[in-house]
Amino acid sequence: MNINLRDYQNECIDILDGKGKGRYLVQMATGLGKTVTFANLKRKGRMLILSHREELVRQPLKYFQCSTGIEMAAQRSQGEEVVSASVQSIVHRLDRFKPDEFDMIIVDEAHHSAAKTYRKVLEHFTPRQLIGFTATPNRADKARLNDIFDEIVFKRDLKWGIKNGYLCDIDCKRVNIGYDLRAVHTRGGDYAPGELSEAMSGTEDAIAESYTTMSKGATLIFAASVAHAEAIAERIPESVVITGKTKNRQDIIQQFTERKIPCLINCMVFTEGTDIPLVETVIIARPTQSDSLYAQMVGRGLRLHPDKDRLTLIDCVGVTGRRSLCTAPSLLGIDISELPQKKQDSIEGDLFELPEKIERAADNPSSWIKNIEIVNLWAQQQQYNLHDINFFQMPDGRLKCSLPERKMLVVPCPDELGNVTYNGSYMDLQSAVDMVYTELCENYSGSEYIWNLEKAKKWGKYPASDAQVKLIRRKCRNEDIDYDSLTKLQASQILNRVMGG
């Protein structure tokens, strides 16, 4: 397949070609063509592509003009120049390959490479270059990839793609369709398909209503199963269901593009690599915990088209319990699961206006009170030593330490390698936290009662004082606060935010 590469794709290829031996990471947003990019890298020998889903294993091979093979299920490679493999299959076949068998190994959706199966495969091989590609921005709670990759060599995110005219703007909407996923198990990092389909049964009327009242123009709906898709279609006149067994798929897409079909409904068919020229609305009626799957569903509507100025993205939400459901903020690496439900429901509008709205929504007493537990759990899971600093973690992963006179020390969210830029220097997050601690000890020792949690907890376990309660009632008149169980420390957390900014 002959493709004219874009300038930034050629730039990425040239950077990697100039790097020589090493382990490199590339972040390229959905819709910017990461698959085309790695298919055109300059090889000096054989290439292995590692993926974790069937469609990702097959999809890249159409871009290569050389011999290609597959390692997945019953299929086995036969010495082809490019081999695309399911990591779940090749991990059991490593004895078929010599460590230096491949000049270049590509890890698609590289944020999965911290998993044990990937590690076992990558420890077996000794390629000249190991290159990870990922479309999803890092979240603070993700595993760091610094022991897999050495350097982030290229980064083009969603905002860059939209600003530079390669992708369309996104108008984000939310609608509660009444599902309850608390009893649905997780398998492979996402909802178990059979249980999810059962849990989504009964949501079809609400989905059809959201289509009628909220969608604009040519609409693509992602359903939880084939049965779910067909039930939705019964409620939307002239809509068409596409499944993996649909024979005349291209004809249907052509009619959809010509507006002869107003709405296409699919189940995991259009998640990767399908060219649909015109999609004006995407409705996510297939809940997912996977950032990459969510980004791929949204990506079907990011293509530019003369007939549209933006994509309308409709997230169908419901009850998920402690699960982190992917919605529009996930595209920016922001997790809003800790926000109160009524606050989450207000997170709508232009995609790049959401971070400010989320930050305002996170600035509420219930979040301030829970913050200590949230940050401590996160630090334990990520194995960080926070030196008992009273950090407030924002939804985008930043760590804020409030000080008197509205002063504040802020550590940015770490990137995929677990690094941040702090005080003008690029370093690992732990080093940045260490620097904050040193600065606090040297310059703010008189305010230790605020920033040192160990000291604060000693006096903070007692009930909030009358003076604290009185001040909080005055400053937080419209907030729902349980004053009867409020401790001195919790009250202090609220007042630090109210008085300190």
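Use the structure listed above.
Residues numbered from 1 in each chain as written. Predicted model: local features only at pLDDT ≥ 70, side-chain atom pairs only at ≥ 80, totals over all residues. Heavy atoms only, no water.

Caption draft 1: Structural detail: unusual backbone geometry. You will see that Ala73, though not glycine, has its phi angle at about 55 degrees, which is positive. Position of Ala73 among the secondary structure elements: in the loop between strand S3 (68-71) and strand S4 (82-86). Although it is not a glycine, Glu109 sits at a positive phi angle of roughly 55 degrees. Looking at the element boundaries, Glu109 is found in the loop between strand S5 (104-108) and helix H5 (116-124). For Glu109, a relative accessible area of 2% corresponds to the buried category. (Helix = DSSP H or I, 4+ residues; strand = E, 2+ residues; numbered from the N terminus. Buried < 20%, exposed > 50% of the residue type's maximum accessible area, 1.4 Å probe, protein only.)

Caption draft 2: Molecular detail of H5. Listing the buried residues of H5 in full gives Tyr118, Val121 and Leu122. Axial view of H5: buried residues confined to an arc of 95 degrees, hence all on one face. Residues of H5 that are exposed and angled more than 90 degrees away from the buried face: Lys116 and Glu123. Here the buried face of H5 lies against strand S2 (47-51), helix H4 (87-90), S5 and strand S6 (129-134). (Arc of directions from axis to C-beta. Contact = heavy atoms within 4.5 Å.)

Caption draft 3: Region of the structure containing the packing of aromatic side chains. Scanning all chains against the criterion turns up 9 aromatic pairs. On the numbers, 4.9 Å between centres and 75 degrees between planes, the contact of Tyr8 with Tyr166 is edge-to-face. Pair noted here: Tyr8 is in helix H1 (residues 7-19) and Tyr166 is in the loop between helix H6 (158-163) and strand S8 (169-180), with a separation of 158 residues, a long-range link. Members of the aromatic cluster, each reached through a chain of ring pairs, are Tyr8, Trp160 and Tyr166. Between Arg156 and the ring centre of Trp160, over which it is positioned, the NZ or CZ distance is 5.1 Å. Positioned over the ring face of Tyr483 is Arg473, at 4.0 Å from the centre of the ring. (Phe/Tyr/Trp six-rings, centres within 6.5 Å; stacked < 30°, edge-to-face > 60°. Lys NZ or Arg CZ within 6 Å of the ring centre and 35° of its normal.)

Caption draft 4: Representation of the side chain of Thr243 in the model. Within the fold, Thr243 resides in the loop between strand S12 (240-242) and helix H10 (249-257). Residues in contact with Thr243, not counting those within four places in the same chain, are Val226, Arg249 and Val269.

Caption draft 5: A look at the pattern of salt bridges. If you walk through the whole model with that rule in mind, you get 31 salt bridges. Residues Arg259 and Glu280 are paired through a salt bridge, measuring 2.7 Å at the closest nitrogen-oxygen approach. Residue Arg259 is located in the loop between H10 and strand S13 (263-266), and its partner Glu280 is located in the loop between S13 and strand S14 (281-284); the two are separated by 21 residues in the primary sequence. Under the relative-accessibility criterion, Arg259 is labelled partly exposed at 41%. Residue classification places Glu280 among the buried residues on the basis of a relative accessible area of 10%. (Salt bridge = Lys/Arg side-chain N within 4 Å of Asp/Glu carboxyl O.)

Caption draft 6: Representation of the sheet that holds S2. Strand order in the open sheet formed by 7 strands is S3-S4-S2-S5-S6-S1-S7, with parallel pairing between adjacent strands. Both outer strands of the open sheet, S3 and strand S7 (151-156), are each paired with one neighbouring strand and no more. The sheet shows a mean angle of 20 degrees between the axes of neighbouring strands, direction not considered. Examined bridge by bridge, S2 and S4 share 5 bridges and lie parallel to one another. Bridged to Leu48 within S4 is Val83. H1 rests against strand S1 (22-28), S6 and S7 of the sheet, and its axis sits at about 170 degrees to S7. (Pairing = 2+ DSSP bridges. Axes fitted to C-alpha atoms, helices over the stretch in contact; angles between N-to-C directions.)

Caption draft 7: Region of the structure containing the sheet that holds S14. Overall, mixed pairing links the 7 strands, which are arranged S12-S13-S11-S14-S15-S8-S16 in an open sheet. Each edge of the open sheet is held by one strand with a lone partner, namely S12 and strand S16 (349-350). Two strands pair when backbone bridges link them, and strand S11 (residues 219-222) and S13 are joined in this way by 4 bridges, in the parallel orientation. Of the residues in S13, the one forming a bridge with Ile221 is Ile265. Contacts between helix H11 (residues 291-299) and the sheet are confined to S8, S11, S14 and strand S15 (310-319), with S14 contributing the most and set at about 150 degrees to the helix.

Caption draft 8: Structural view of the state of the cysteines. All told, the structure shown has 0 disulfides when counted by the stated rule. In this structure Cys12 is a free cysteine whose sulfur lies 19 Å from that of Cys66, the closest cysteine sulfur available. Here Cys168 is not cross-linked by a disulfide; its sulfur's nearest cysteine counterpart is in Cys172, at 11 Å. (Disulfide = S-S within 2.5 Å.)

Caption draft 9: Structural view of the side chain of Arg300. Along the chain, Arg300 falls in the loop between H11 and S15. Note on Arg300: relative accessible area 14%, which makes it buried. Polar side-chain contacts of Arg300 include one of 3.3 Å to the backbone oxygen of Gln296. (Polar contact = N/O pair within 3.5 Å; in protein donor to acceptor, adjacent residues only side chain to side chain.)

Caption draft 10: Quick look at the environment of Thr35. Residue position: Thr35 is located in helix H2 (residues 34-39). For the pair Thr35 and Phe133, spaced 98 residues apart in the sequence, the C-alpha separation amounts to 8.6 Å.

Caption draft 11: Layout of the environment of Asn390. Relative to the helices and strands, Asn390 is located in the loop between helix H14 (365-382) and strand S17 (392-393). Counting along the chain gives 73 residues from Asn390 to Pro463, while the straight-line C-alpha distance between them is 20 Å. Of the polar contacts made by the side chain of Asn390, one reaches the backbone oxygen of Ile450; its length is 3.2 Å.

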